[in-house]
Protein chains: 2
Amino acid sequence: MNQERLNCVLNRLNEIGAEEMLVTEPRAIFWLTGKWVFPGERFLALLIRKNEQPVLFINRLFWFDEEIGVRKVWFSDTDDVLPLVRKELDPEKVLGVDKTMESRFLLPLLETGAAKKVVNSSIAVDEARAVKDLEEQAKMRESSRINDLAMEAFRKLVHEGVTELEISDQTLKIYKSLGASGYSFDPIVSFGANAADPHHMPDETVLKEGDCVLFDIGCVVNDYCSDMTRTFYWKKEPDERVKRIYELVRQANEQAEEMLKPGIPLCDVDAKARDLITAGGYGPQFNHRLGHFIGLADHEYGDVSSANHNLTKTGNFFSIEPGIYLAGDTGVRIEDLVLITENGHEVLNHYPKELTILD
Amino acid sequence: MNQERLNCVLNRLNEIGAEEMLVTEPRAIFWLTGKWVFPGERFLALLIRKNEQPVLFINRLFWFDEEIGVRKVWFSDTDDVLPLVRKELDPEKVLGVDKTMESRFLLPLLETGAAKKVVNSSIAVDEARAVKDLEEQAKMRESSRINDLAMEAFRKLVHEGVTELEISDQTLKIYKSLGASGYSFDPIVSFGANAADPHHMPDETVLKEGDCVLFDIGCVVNDYCSDMTRTFYWKKEPDERVKRIYELVRQANEQAEEMLKPGIPLCDVDAKARDLITAGGYGPQFNHRLGHFIGLADHEYGDVSSANHNLTKTGNFFSIEPGIYLAGDTGVRIEDLVLITENGHEVLNHYPKELTILD
């Protein structure tokens, strides 16, 4: 049990008005206890509260002996876990649950009066997780360092007649050879008009001269995620119009990064990039938020969007990923991960962003 | 919109006493509408009710034009989706939600009085999905046919000095070359004592003479999942004790399969295998249920366990996977997928189960 992280969550929980909390998100449980359990559809929860040892409800299928600073309540597939949980809860107290707790557990808790009231107290964990400590910062850097190396390896897979799938099928092996344990998300490899869909999945599209080649890639190293996007061009310099949107996106990326330091409203960061793209005439074609927080998961609580008025904090990691998408035509996105430091910021990705022609 | 499936769900919903339902599980939405949307952390829901066109709440990020028989309510990352949903709900009606609906959506619905009552009505969708129609049955067969071919290819990867990871790293490519779109779950490759952990993840363990080699593998073909386990031995015949547990597991697998037809309590199927293993002296070492239902997801609603008194139905697909696990020593599991047919059953996997020595 990481006592510092636990205390941080408990203090915030107190501010929210919740007296105990059931944490069910496996990554949050790992972050607190150092123990990875992936329960699939089975129930897993860590009950935390002030001045008492946390209680871990865990299926015997995931049996382990180690002492991790919790009291373990074991159950099996044929047990009804709800009475076991209710027995540990105080029906006179306000119970917090995390945002992903599922209705199949939540509704019976509510119906059986297991707590005075149930509130979504995810923010207590999420805000704490959004501020990475030094150990986590080192792991985040390492994950992005490997992602930079991977980008260099992946662009070398681009050749005449290749398909998106032929490239993406080779990426996992390369990541593993570089020391990653796996993907942080399935890689996006988009040629030409496919790049106009920000969530395009690699398919049988064959590369053509003049196509853009967009890689949105990330890996997991020591449990921490990376995420970066670069857009290249195959064989031929793009026309002036495409060059202009490329430069707009690059400037939006760089100017948003340059302003970063602690205490900036995240919506202002989004606005910096968005205003520049809008002034260039492509506002509607930048149809997503500027970025998302990242850590043990590739998308964590917190985003860089016009709706988020929270301030940047030292230890925050998020993506800066402006894009312009022209349906049926082409797309550009340039993305780095950044860390907010005491004195400013650190860009985790060092892969060049100049318009690059592959051949 | 698959009207037959929708009607089936609406009828069951009526029996449960829910008048409308928010379906949020992406696979359930695909099963009903034929449209795959993977929203990640973003809200996605299909509102269904008698005599009205379903309403799909969907983020603009996943924009599509096709007509799929729903009214679409689009929103963006900066919109609050809750009022949009509330506007469509009748506060005087009982609202069903699926079992995976998350507290971040469920608690505000409850707090704002969006419905007279909210109940977990997953079973309406889940029971309907558990009975596969002929189109689905054909896809399930094809997925397992490819899985049989994959098992044959994977066992050929076993050689002196290989590690579990070196094998598992090659499996995705082989699956894809056979026509699968990907894994239905990350493959389990376990050597020797690692096989004693039913959920062991491939690591750097090096194969040794006499080790068992357990493959628990599955792929996705045309959106449908396969899942099969075989346990082999490397170079050397196992000792009499291991041979005996292997035969116990094989008999448990085969006898449980042989009894299958419509109308059998699923707990009786579990008991058939479990009693045999218990009589052989290894009851406590068979520490999980006998099987799980499967289809669009590798684990679907329904299992073969002592707690499930429901009866088998024509069109059900599930796994039969007895195992014996000796901690620190070895493990055996033999798993097939089966289909309940009108007159009996069909075993989807044809890969041999006789004790096999690899060399």
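Residues numbered from 1 in each chain as written. Chains lettered and ligands numbered in written order. Predicted model: local features only at pLDDT ≥ 70, side-chain atom pairs only at ≥ 80, totals over all residues. Heavy atoms only, no water.

## Here we look at the relation of the copies chain A and chain B
Put simply, the second copy of the chain is the first one after a rotation about an axis and a shift along it. Mapping chain A onto chain B is achieved by rotating through 180° and translating by 0.0 Å along the same axis, at an RMSD of 0.0 Å. A rotation of that kind, with that shift, is consistent with a two-fold axis. Relative to the rotation axis, the closest C-alpha in chain A is found at E102 of chain A, a distance of 2.4 Å. A symmetric contact is evident, with 100% of the interface residues of chain A recurring at the interface of chain B. (Least-squares fit on C-alpha atoms with pLDDT ≥ 70 in both. Contact = heavy atoms within 4.5 Å.)

## Remarks on the environment of N194 of chain B
Residues and elements named next belong to chain B. Along the chain, N194 turns up in the loop between β8 (188-191) and β9 (212-217). Put simply, N194 and I245 are 51 residues apart on the chain and 16 Å apart in space, counted from C-alpha to C-alpha. Those residues in contact with N194 that lie beyond four places of it in its chain are E164, H200, D203 and T205. For N194, the side chain forms a polar contact with the side chain of H200, separated by 3.3 Å. (Helix = DSSP H or I, 4+ residues; strand = E, 2+ residues; numbered from the N terminus. Polar contact = N/O pair within 3.5 Å; in protein donor to acceptor, adjacent residues only side chain to side chain.)

## Concerning the pairing of β8 of chain B
All names here are of chain B. Burial along β8 is two-sided: I188 and S190 facing one way and V189 and F191 facing the other are all buried. Sheet topology note: the β8/β9 ladder contains four bridges and is antiparallel. From the neighbouring strand, I188 faces β9, where its bridge partner is D216. (Buried < 20%, exposed > 50% of the residue type's maximum accessible area, 1.4 Å probe, protein only. Pairing = 2+ DSSP bridges.)

## Some details on helix α9 (residues 266-279) of chain A
Along an α-helix, residues three or four apart share an orientation, since each turn contains 3.6 residues. All names here are of chain A. Along its 14 residues, α9 runs 20 Å from first to last C-alpha, staying within 8% of the 20 Å computed at 1.5 Å per residue. All buried positions along α9 are accounted for by L266, C267, V269, D270, A273, L276 and I277. On the buried face of α9, the contacting elements are α8 (240-258), β13 (291-293), β14 (300-304), β15 (317-320) and β16 (323-326). (Expected span 1.5 Å × (residues − 1).)

## Looking at the sheet that holds strand β7 (residues 182-183) of chain B
All names here are of chain B. Taking strand neighbours across the sheet as the criterion, the three strands line up as β7-β10-β11 in an open arrangement whose pairing is antiparallel. Strands at the two margins of the open sheet, each flanked by one partner only, are β7 and β11 (224-225). Packed on one face of the sheet, helix α6 (residues 134-155) meets β10 (219-221) and β11 and runs near 135° to β10. (Axes fitted to C-alpha atoms, helices over the stretch in contact; angles between N-to-C directions.)

## Overview of the domain arrangement of chain A
All names here are of chain A. Domain assignment breaks chain A into domain 1 (3-129) and domain 2 (131-357). In this structure, domain 1 and domain 2 have C-alpha centres spaced 34 Å apart. Between domain 1 and domain 2, the contact holds 10 residues from the first and 10 residues from the second. Carbon and sulfur atoms supply 45% of the area that domain 1 and domain 2 bury against each other, a total of about 950 Å² over both sides. Contact with domain 2 buries surface across domain 1, with R5, E127 and R129 losing the most and accounting together for 46% of the total. Across the domain 1-domain 2 interface, the total number found is three salt bridges. Residue E300 pairs with R129 through a salt bridge whose shortest N-O separation is 2.8 Å. (Domains from an automatic or database assignment. Buried area = accessible area lost by both parts, 1.4 Å probe. Salt bridge = Lys/Arg side-chain N within 4 Å of Asp/Glu carboxyl O.)

## Comments concerning the UniProt feature "domain: Creatinase N-terminal" (unreviewed entry) in chain A
Residues given the UniProt feature "domain: Creatinase N-terminal" (unreviewed entry) here are residues 5-131 of chain A. In residues 5-131 of chain A, helix accounts for 36% and strand for 21%; the two terminal C-alpha atoms are 10 Å from one another. (UniProt positions renumbered as here; feature names shortened; annotations may be inferred.)

## Regarding the sheet that holds strand β20 (residues 357-358) of chain B
Residues and elements named next belong to chain B. Strand order in the open sheet formed by four strands is β8-β9-β12-β20, and the pairing between neighbours is mixed. The two strands at the open ends of the sheet, each matched to only one other strand, are β8 and β20. Two elements, strand β12 (residues 228-234) and β20, share two bridges in a ladder whose sense is parallel. Counted as the bridge partner of W234 is L358 from β20. Against the sheet, helix α7 (residues 164-178) contacts β8 and β9, and its axis sits at roughly 150° relative to β8.

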